[in-house]
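Okay, here's what each chain looks like letter by letter:
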Amino acid sequence: MVTDIKDSAHAVDAAAVLGLLPGRPRLLALGEPTHGEDALLDLRNELFRQLVEREGYRWIAVESDCLMGLAVDEYVASGTGTLDEVMARGFSHGFGESAANRELVRWMRTYNDGRPASERLRFAGFDGPLEITGAASPREALTALHGYLAAIVDADLLPCTAETLDRLLGPDERWTNTDAMMDPSRSIGRSAEAERLRPLADDLVALLDARTPELVEASSRDAWERARLYGRTAAGLLRYHFWMADTSPARMARLVGQRAAMMAANLLALAGRGPVLVHAHNGHLQRHLSTMRMGDLPVEWWSAGAIVNAHLGEEYAFVATALGTIQHRGVDAPPPDTLEGLLYALPEDRCLVDVPRLIIAFGDARPAARVSPWFGYSPLDPAGLAGNDGIVFVRDVPQAQDVRAG
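The rules behind the values
- Residues numbered from 1 in each chain as written.
- Predicted model: local features only at pLDDT ≥ 70, side-chain atom pairs only at ≥ 80, totals over all residues.
- Heavy atoms only, no water.
- Helix = DSSP H or I, 4+ residues; strand = E, 2+ residues; numbered from the N terminus.
- Rg over C-alpha atoms; globule rule 2.2 N^0.38 Å.
- Buried < 20%, exposed > 50% of the residue type's maximum accessible area, 1.4 Å probe, protein only.
- Contact = heavy atoms within 4.5 Å.
- Areas by Shrake-Rupley, 256 points an atom, 1.4 Å probe, with all protein chains shown as cover.
- Expected span 1.5 Å × (residues − 1).
- Axes fitted to C-alpha atoms, helices over the stretch in contact; angles between N-to-C directions.
- Nonpolar A, V, L, I, M, F, W, Y, C, P; charged D, E, K, R; others polar.
- Pairing = 2+ DSSP bridges.
- Salt bridge = Lys/Arg side-chain N within 4 Å of Asp/Glu carboxyl O.
- Polar contact = N/O pair within 3.5 Å; in protein donor to acceptor, adjacent residues only side chain to side chain.

The protein chain is annotated in an unreviewed UniProt entry as Erythromycin esterase family protein of Actinomadura fibrosa.

Shown next as C-alpha cells:
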C-alpha cells in the first residue's frame, strides 16, 4: 500500500499543483487544517511566489476581514502606511501577529516597488467582518457606500441622507455586543432601526449597479469594485445580525451559512480579476457538505468553497493540506490506518498527493478517520477525499519561533 501511495506523491511546487488540474482555474484554493502555524503559512508564501514569478498570478486572498484587508492592499500596491501599521490593523482573527503573514506582506510590497500598476500584486481578505464572538457594526460599509455614491450621483437618487443612516445605526456598541452570540434577545438585528436599514442597503446596492457606467467613468474600476465590496458587506452584516436575533433551532445553521455566503460572494467577485491564490481553513474551501454539532443539534451548511464550486466548476480548484504531527499542540503521530497515518509512512517531509491516483491505490478500502486530541486541528475527512484536487501533506509542524521578519 505504501508503495502504491508513494507513486501518487510529488514535490510541492506551483508547476506540480497546476499539473494536477484539467485547466487553469480562476481561483486556486489552498487549505490548511489548523490556524496559527507559520510553517504552513511559509509553504503558502513559497507557493504564491512561484505562482507569481512563473505563472503570472497577481492576487492572493486570505481568510481575514475583507474591510480590514483594504489597508493591506493599499500598502502592498502603493506603499500607503507602514508595515507595522498594516499588520496591526489590516488582519482579523489575530493573523497580523504571524511572522509568516508579515513576510508575505513585506515581500509583496518589495515586489511591487517600481512596477507599473498592471503588474503589481494585490491582496484581499475575503471573510466578513465577523469573529466567533459576534459581528461588526454595518456602519463602516454602509457609510462608505453612501459616501461613494453621494459624491457622484444626483442626491435625489439616493434612498436616504447620511444623517438618516447615522441615526438608524446609532452607537456601534449595540451591534457589537458579544452577549448576542449566545443570547438572541441581546441582538439588535430585528430592531425597528435594523429592519429599516436592510431595504436602504439594498437600495444603495441597486443604485450602485444601475449607475455602473457613470460611476466607473467618474471614479475608477478599482473604486467601483471597492464600493461593491462595501455593498456586499453591509447587506451581509445586516442579514447576519438579523439571524443573530433568531430564536429558532435553525439559528446556528443560518449564521454559519451566512458567513459562508459572504465569503463566497467575495471570492466570486475576485474571480473576475484572477487568477487568485486563495488561502483559508480546509473547512471553508471544501466541496462537500459541512457539518457540526451544537449541543444536541446537528448543523449543516455549504462552505464558501462548495458555493463557489457550484458557480465556477473547473475554474475553482481546491488543494487541501493534511499533516502528521503538531507536537507542541499535543498532536502526535497519526494512527497508521488513517489517511494521515498512511501519508506519514512516506519518507518526504512534505509532498503533493495526486488524489485520483491515491483513490485508485486505496481500491475498495478507505482509511479510518483520524480523531484530533486538540480542538484547533481538523483532520481530513476520508469520506470527502474525492472533493480534493490534491493534498499537500506536511509531516511535522514545528513550533514557530517568536521572531518578526522585515
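There is more to say after this.
What follows deals with the overall build of the protein chain. Along the protein chain, the regular secondary structure elements total 16 helices and twelve strands. Compactness check: the protein chain gives a C-alpha radius of gyration of 22 Å against a globular reference of 22 Å for 406 residues, within 12% of the reference. Seen through its principal axes, the protein chain has C-alpha atoms that stretch 70 × 55 × 40 Å. Among the 406 residues that make up the protein chain, the fraction classed as buried is 52%. The contacts in the protein chain between residues at least 6 apart in sequence include a share of 78% that link residues at least 24 apart. When the accessible surface of the protein chain is split by element, carbon and sulfur atoms take 51% of a total near 17,700 Å².

Take helix α6 (residues 99-112) next. If you check α6, its first and last C-alpha atoms are 20 Å apart, about what 14 residues at 1.5 Å a residue would give, namely 20 Å. By the criterion of burial, α6 is predominantly enclosed, with eleven of the 14 residues buried. Of all the residues in α6, the buried ones are Ala-99, Ala-100, Asn-101, Arg-102, Leu-104, Val-105, Trp-107, Met-108, Arg-109, Tyr-111 and Asn-112. In the core, the buried residues of α6 are packed alongside α3 (38-55), β3 (59-65), α4 (69-78), α5 (83-89) and β4 (122-127). Gly-114 lies just past α6 and shows a positive phi near 85°.

Moving on, we come to the packing of α4 against α6. Helix packing geometry: the angle between the two helix axes and the distance between the axes. Look at α4 against α6: their axes get within 7 Å of each other, and the N-to-C directions meet at 35°. Contacts between α4 and α6 involve Val-72, Tyr-75, Val-76, Ala-77 and Ser-78 from the first element and Val-105, Met-108, Arg-109 and Asn-112 from the second. Residue composition of the contact of α4 with α6, by class: six nonpolar, two polar and one charged.

A word on the side chain of Asn-45. Position of Asn-45 among the secondary structure elements: in helix α3. The class of Asn-45 is buried, set by a relative accessible area of 2%. When neighbours within four sequence positions are excluded, Asn-45 is seen to be in contact with Ala-100, Glu-103 and Leu-104.

In terms of burial, strand β2 (residues 27-32) is largely enclosed, as six of its six residues are buried. Alternating positions in β2 separate into two faces, Leu-27, Ala-29 and Gly-31 on one and Leu-28, Leu-30 and Glu-32 on the other, with burial throughout. By the bridge criterion, six bridges tie β2 to strand β7 (residues 276-281) in an arrangement that is parallel. Bridge pairing in β7 links Leu-28 to Leu-277. Summarising the sheet, β2 and strand β10 (residues 316-325) pair through four bridges and their orientation is parallel. In the strand pairing of β10, Leu-27 is matched with Tyr-316.

Counted under the stated rule, the structure contains 20 salt bridges. Its salt-bridge partner being Asp-166, residue Arg-139 comes within 2.8 Å of it at the nearest N-O pair. On the criterion of sequence distance, the pair formed by Arg-139 in helix α7 (residues 139-150) and Asp-166 in helix α8 (residues 162-169) is long-range, its members being 27 residues apart. The exposure class assigned to Asp-166 is partly exposed, which follows from its relative accessible area of 44%. Where Arg-287 meets Asp-389, a salt bridge forms, and the shortest distance between an N and an O atom there is 2.9 Å. With a gap of 102 residues between them, Arg-287 in the loop between α13 (282-285) and β8 (290-294) and Asp-389 in the loop between α16 (355-362) and β12 (390-396) connect regions that are remote in the sequence. Since its relative accessible area comes to 21%, Asp-389 is described here as partly exposed. When salt bridges that share partners are traced, they join Asp-73, Arg-122, Asp-222 and Arg-273 into one network.

Read across the sheet, eight strands follow the order β1-β11-β12-β10-β2-β7-β3-β4 without closing on themselves; strand pairing throughout is mixed. In the strand order of this sheet, the two ends are held by β1 (9-10) and β4, each with one partner. In terms of strand pairing, β10 meets β12 through six bridges, oriented parallel. Bridge assignment links Ala-320 to a residue of β12, and that residue is Ile-391. Along the sheet, helix α12 (residues 251-271) contacts β2, β3, β4 and β7; its crossing angle with β4, the most-contacted strand, is approximately 155°.

Turning next to the side chain of Gln-50. Its place among the elements puts Gln-50 in helix α3. Among the polar contacts made by the side chain of Gln-50, one reaches the main-chain amide nitrogen of Ala-14 at a distance of 2.7 Å. When residues no more than four places from it in sequence are discounted, the contact partners of Gln-50 are Asp-13, Ala-14 and Glu-55.

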